[in-house]
Amino acid sequence: MDIAIGNVVGSTIFNIFFILGASAVIYPVQVISASILDLWINILAGFLLFLFLFTGKGRRLESREGIILIFIHIVYIFML
């Protein structure tokens, strides 16, 4: 379980900072206004995952927390 979470978090951080940064060095990256919602949803989901994992009991993602994350995903899909 720890390896899976580390893989997801590590991959996300690598993609955001290294790949996006390297791309921006080669060619400036423009942020369109339509992607602002996606950005805020990702920030919210990342913050909640961090909050759930590091403030809970035993660094476990419990059922109610998983349901909250799934609910956010479903709402996001319907908003698209």
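Remember, predicted model here, so these are calculated numbers, not experimental data.

Right, let's get into the packing of helix α2 (residues 36-55) against helix α3 (residues 63-79). The interhelical angle for the contact between α2 and α3, taken along N-to-C directions, is 175 degrees, at an axis separation of 11 Å. Judged by the angle between their axes, α2 and α3 are roughly antiparallel. Seen from α2, the contacting residues are L37, D38, I41, L44, A45, L48, L49 and F52; seen from α3, they are E65, I68, L69, I72, Y76 and M79. Of the residues that constitute the contact of α2 with α3, the class distribution is 12 nonpolar, no polar and two charged.

To continue, consider α2. In this model, α2 (20 residues) spans 28 Å end to end at C-alpha, consistent with the 28 Å of a helix rising 1.5 Å per residue. Taken residue by residue, α2 has I41, L48, F52 and L53 as its buried positions. Angular distribution of buried residues about the axis of α2 spans 120 degrees; they occupy a single face of the element. When the buried face of α2 is taken as reference, the exposed residues oriented beyond 90 degrees from it are W40, N42, F47 and T55. Those residues of α2 that are buried are in contact with α1 (2-26) and α3.

With that out of the way, let us pick up the pattern of salt bridges. Any two side chains of opposite charge can pair, on the condition that their charged atoms come close. One pass over the full model with this rule turns up one salt bridge. With its nearest N and O atoms 3.9 Å apart, the salt bridge here joins R64 to E62. Among the residues examined, R64 registers a relative accessible area of 54% and is labelled exposed. Exposure remark for E62: the relative accessible area of 28% places this residue in the partly exposed category.

The rules behind the values
Residues numbered from 1 in each chain as written. Predicted model: local features only at pLDDT ≥ 70, side-chain atom pairs only at ≥ 80, totals over all residues. Heavy atoms only, no water. Axes fitted to C-alpha atoms, helices over the stretch in contact; angles between N-to-C directions. Helix = DSSP H or I, 4+ residues; strand = E, 2+ residues; numbered from the N terminus. Parallel < 35°, antiparallel > 145°, perpendicular 65-115°, else oblique. Contact = heavy atoms within 4.5 Å. Nonpolar A, V, L, I, M, F, W, Y, C, P; charged D, E, K, R; others polar. Expected span 1.5 Å × (residues − 1). Buried < 20%, exposed > 50% of the residue type's maximum accessible area, 1.4 Å probe, protein only. Arc of directions from axis to C-beta. Salt bridge = Lys/Arg side-chain N within 4 Å of Asp/Glu carboxyl O.

Without other data, these values stay purely geometric and don't point to any function.
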